[in-house]
Amino acid sequence: MSQTEFSLERRELMLAGVGLLAQTTLGRVAHGDDRPPVTQPRATSGDDRSEPNWDETLTISVGPQDADLVGSNEKVLQAAVDYVARLGGGTVKVLPGTYKLRNSIFLKSNVRILGSGLDSVLIKEPSIKTKTSEDSDWYDQEITLADAKGFAVGDGICLRTKNPHHGGAEVAKRTLVARSGNRFKLDRALRQNFWLMGDTSVSTLFPILTGEEIQNIAIENITLDGNRANNENLDGNHAGCVFLQDCRRISMKDVTARNYNGDGLSWQICHDVVVERCHSHGHAGLGLHPGSGSQRPLMRENKLEGNDIGIFFCWGVKFGLAEKNVCRGNRVGVSIGHRDTDNLVRNNDIEGSLQVGVLFRPERGPAFAPHRTRLEDNRIINSGAEQGIGVDVQGGVESVTIARNEIRESRAPQQRVGVRVGADTKDVRLIENRIEGFSQSVLELKKV
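For the structure given in this document, a descriptive report is provided here. (Residues numbered from 1 in each chain as written. Predicted model: local features only at pLDDT ≥ 70, side-chain atom pairs only at ≥ 80, totals over all residues. Heavy atoms only, no water.)

### Thoughts on helix α1 (residues 74-86)
Residues three or four positions apart in an α-helix share a direction because the helix packs 3.6 residues into each turn.
Link 1 in the chain: Here α1 contains 13 residues, and its C-alpha end-to-end distance of 18 Å stays within 8% of the 18 Å for a straight helix at 1.5 Å per residue.
Link 2 in the chain: For α1, the complete set of buried residues consists of E74, V76, L77, Q78, A80, V81 and V84.
Link 3 in the chain: Residue N73 occupies the N-cap position of α1, its side-chain oxygen lying 3.0 Å from the main-chain nitrogen of K75.
Link 4 in the chain: Backbone geometry just downstream of α1 places G88 in the positive-phi region, at approximately 100 degrees. (Helix = DSSP H or I, 4+ residues; strand = E, 2+ residues; numbered from the N terminus. Expected span 1.5 Å × (residues − 1). Buried < 20%, exposed > 50% of the residue type's maximum accessible area, 1.4 Å probe, protein only. Polar contact = N/O pair within 3.5 Å; in protein donor to acceptor, adjacent residues only side chain to side chain.)

### Re the pairing of strand β31 (residues 332-336)
Link 1 in the chain: Among the five residues of β31, five are classified as buried, and the element is accordingly described as predominantly covered.
Link 2 in the chain: Relative to β31, strand β28 (residues 309-312) runs parallel, the two being bridged by three bridges. Paired with I309 across the two strands is V332, which belongs to β31.
Link 3 in the chain: Where β31 meets strand β34 (residues 356-360), four bridges bridge the pair, whose relative direction is parallel. Across the sheet, residue S335 finds its bridge partner in β34, namely L359. (Pairing = 2+ DSSP bridges.)

### Things to note about the sheet that holds strand β6 (residues 97-101)
Link 1 in the chain: With respect to topology, 11 strands assemble into an open sheet ordered β6-β9-β18-β21-β24-β27-β30-β33-β36-β39-β42, the strand pairing being parallel. Each edge of the sheet is formed by a strand with only one pairing partner; in this case those strands are β6 and β42 (434-436). The sheet shows a mean angle of 10 degrees between the axes of neighbouring strands, taken without regard to direction.
Link 2 in the chain: Summarising the sheet, strand β39 (residues 406-408) and β42 pair through three bridges and their orientation is parallel. Its bridge partner being in β42, E406 is matched across the sheet by R434. (Axes fitted to C-alpha atoms, helices over the stretch in contact; angles between N-to-C directions.)

### Regarding the packing of aromatic side chains
Link 1 in the chain: For the structure shown, the criterion picks out one aromatic pair.
Link 2 in the chain: Judged by centre distance (5.6 Å) and plane angle (80 degrees), the rings of W138 and Y139 are edge-to-face.
Link 3 in the chain: What makes W138 partly exposed here is its relative accessible area of 44%.
Link 4 in the chain: It is R86 that lies over the ring of Y83; its NZ or CZ is 5.6 Å from the centre.
Link 5 in the chain: Geometry around F368 places R364 over its ring, the cationic atom sitting 5.8 Å from the centre. (Phe/Tyr/Trp six-rings, centres within 6.5 Å; stacked < 30°, edge-to-face > 60°. Lys NZ or Arg CZ within 6 Å of the ring centre and 35° of its normal.)

### As for the pairing of strand β37 (residues 389-393)
Link 1 in the chain: Among the five residues in β37, five count as buried, and that is most of the element.
Link 2 in the chain: In this structure, β34 lies alongside β37, joined through four bridges in parallel fashion. Across the sheet, the residue bridging to V356 is I389, located in β37.
Link 3 in the chain: Sheet topology places β37 next to strand β40 (residues 417-421); four bridges connect them, and they run parallel. Residue pairing for β40: I389 is matched across the bridge by V417.

See below:
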């Protein structure tokens, strides 16, 4: 597959006018059939494919002082997002300051969040936790807390329980919207059973920025702090500094995401997501988490440091490109696995991984493996402890190309391996790699 095929030309992200929101430009090129191209787009009711490139759209500033909306919490930020979205889109400009959040900022389509770099800090308040004292059924829209101290109307919460039928975990994120004593009304019904027998807990856990079923979003030049030391863990399938679900055409640029007790930037079933020049570090989970079913992610020139995994291709992530990233000091630099086919990992610096530089996960057999992935022109340096591995190709992966990489160990060789190829793999091509400093440059395992 060529570089062009991995590009996002089919759904190019651009900033309208002065960069206010991500727009699709499909309407300005040939349709791919005999219809004439749109050369002079106009604003036409219901047509979001050929929107003109306006010189200016609405901007609302938010800040502790001297702003359109004055404040330093989630309420004033949410008010700005809602106002801009109601008028069709624009920019929420977050002025310098520290904004303390008791709930997520819920993003809306066609809205750009623009901060002031490290001077605009959105920080999650410390989490608190309690048990429920009464059962809540799947159709209920209220919960009763064993101890309501510290909980307030407006708080974002996470309910967790064990399913009474199969013992699996159930998770629901909601907002508290009304109360009488220890009873709280929720913004939405539960749709799961949260019973006492499941040891149900309630915690003030939530993503910092979040959105579901939205499109054309830009998040730029802002700092998101998960306050990891003072918050419980909530994994990247539910939260992170940014958590998006079922979204399209998302741009995240120059974002600092730090210290979340979970993931940094996580998106699930989201297509054409562009992440550039972001610094995602100090997370208990994943630096970048292109999540299940996400198509065509582009991750370029990011720094991913001190996380469990730097870049984690989740499940069915396809036609993605990760290039010119720095993955440093993560347990695993890059991990790719469950049906993550046809991806390109190119020209990255993967340094000081605590266990493995690049991991092709074993999964459940060839039908689930990350076939046709290309690992090219990367620098994979000093991976793991005494038995560390630079590139570990496990499971039933097929048609993988590992080409022109520098895979190097500058410490003592000990029992370290440059590239390990699993016994169940097929057609793993090693081409012109420079592998140095290991006890074994290439270890090909045999079937027992």
